[in-house]
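Report on the structure
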Amino acid sequence: QVQLVESGGGLVQSGGSLRLSCAASGSIFSANTMGWYRQPPGKQRELVATITSDGSTNYADSVKGRFTISRDSPKNTVYLQMNSLKPEDTAVYYCNADVFTFLKRYLEVWGQGTLVTVSS
């Protein structure tokens, strides 16, 4: 019914940059808060950044000043620009969205994840 498709992960050297994209599709009337989470190897999933429908943002302390979240609301797409990457940023990155569907249901949806590997 509603899907999130991520792209943009890969291998990058320490200090490099990557841009992740996540597009929501399906019977979406509106996408409310959208965000990125990550799960480092052997650790629990953690918040990276979120952005509300009015553009308010929230970041984990570990990425403040290096990562920027943005969205293209008409396209139901959220982006994560990651600069000055560090080896500890290595993780599977998951897109998340709170959506309201044409069937008048509120859903929380997760993407399949995209791997980001930062080499030292």
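All values reported here derive from a predicted model rather than from experimental measurement.

Per the stated rule, a full pass over the model turns up four salt bridges. Salt bridges sharing common partners tie together Arg38, Glu46, Arg66 and Asp89.

Now for the state of the cysteines. Using the criterion set out here, one finds one disulfide in the structure. Each sulfur of the disulfide joining cysteine 22 and cysteine 95 lies 2.0 Å from the other. Taking the sign of the torsion about the S-S bond as the criterion, the disulfide between cysteine 22 and cysteine 95, at about -85 degrees, is left-handed. Placement of cysteine 22 in strand S3 (residues 18-26) and of cysteine 95 in strand S9 (residues 91-101) is noted, with a sequence separation of 73 residues between them.

On to the sheet that holds strand S8 (residues 77-82). As summarised here, the arrangement of the four strands in space is S1-S3-S8-S7, forming an open sheet in which the pairing is antiparallel. Taken across any chain shown, the strands that pair with only one partner, and hence form the sheet edges, are strand S1 (2-7) and strand S7 (67-72). Neighbouring strand axes in the sheet, compared pairwise and without regard to direction, differ in orientation by 15 degrees on average. As judged from the six bridges shared by S3 and S8, these two strands associate in the antiparallel manner. Each residue of the ladder has a partner; that of leucine 20, found in S8, is leucine 80.

As a further point, take the environment of tryptophan 36. Tracing the chain through its elements places tryptophan 36 in strand S4 (residues 28-39). Of the residues examined, tryptophan 36 reaches a relative accessible area of 0% and is grouped as buried.

Considering the arrangement of structural elements, one finds threonine 90 in the loop between S8 and S9. Given a relative accessible area of 16%, threonine 90 falls into the buried group. In this structure the side chain of threonine 90 is engaged in a polar contact, spanning 2.9 Å, whose partner is the backbone oxygen of proline 87. A distance of 2.9 Å separates the side chain of threonine 90 from the backbone nitrogen of valine 118, its partner in a polar contact. With sequence-adjacent residues up to four places away left out, threonine 90 is seen in contact with Pro40, Pro41, Val116, Thr117 and Val118.

The next subject is the packing of aromatic side chains. By convention here, two paired aromatic rings are described through the distance between centres and the angle between planes. For the coordinates displayed, the defined rule picks out four aromatic pairs. One aromatic cluster in this structure is built from Phe29, Phe100, Phe102 and Tyr106. The lysine or arginine in question, arginine 45, covers the ring of tyrosine 94, its NZ or CZ lying 3.8 Å from the ring centre. Here arginine 45 stacks its cationic end above the ring of tryptophan 110, 4.6 Å away from the centre of that ring.

Judged by which residues are buried, strand S11 (residues 114-119) turns out to be one-sided: Thr114, Val116 and Val118 face inward and are buried, whereas Leu115, Thr117 and Ser119, on the alternate face, are not. Both strand S2 (residues 10-13) and S11 contribute to a ladder of four bridges, which runs parallel. Within S11, the residue paired with glycine 10 across the bridge is valine 116. Here S9 pairs with S11 via three bridges, running antiparallel. Across the sheet, the residue bridging to alanine 91 is valine 116, located in S11.

Quick notes on the rules
Residues numbered from 1 in each chain as written. Predicted model: local features only at pLDDT ≥ 70, side-chain atom pairs only at ≥ 80, totals over all residues. Heavy atoms only, no water. Salt bridge = Lys/Arg side-chain N within 4 Å of Asp/Glu carboxyl O. Disulfide = S-S within 2.5 Å. Helix = DSSP H or I, 4+ residues; strand = E, 2+ residues; numbered from the N terminus. Pairing = 2+ DSSP bridges. Axes fitted to C-alpha atoms, helices over the stretch in contact; angles between N-to-C directions. Buried < 20%, exposed > 50% of the residue type's maximum accessible area, 1.4 Å probe, protein only. Polar contact = N/O pair within 3.5 Å; in protein donor to acceptor, adjacent residues only side chain to side chain. Contact = heavy atoms within 4.5 Å. Phe/Tyr/Trp six-rings, centres within 6.5 Å; stacked < 30°, edge-to-face > 60°. Lys NZ or Arg CZ within 6 Å of the ring centre and 35° of its normal.

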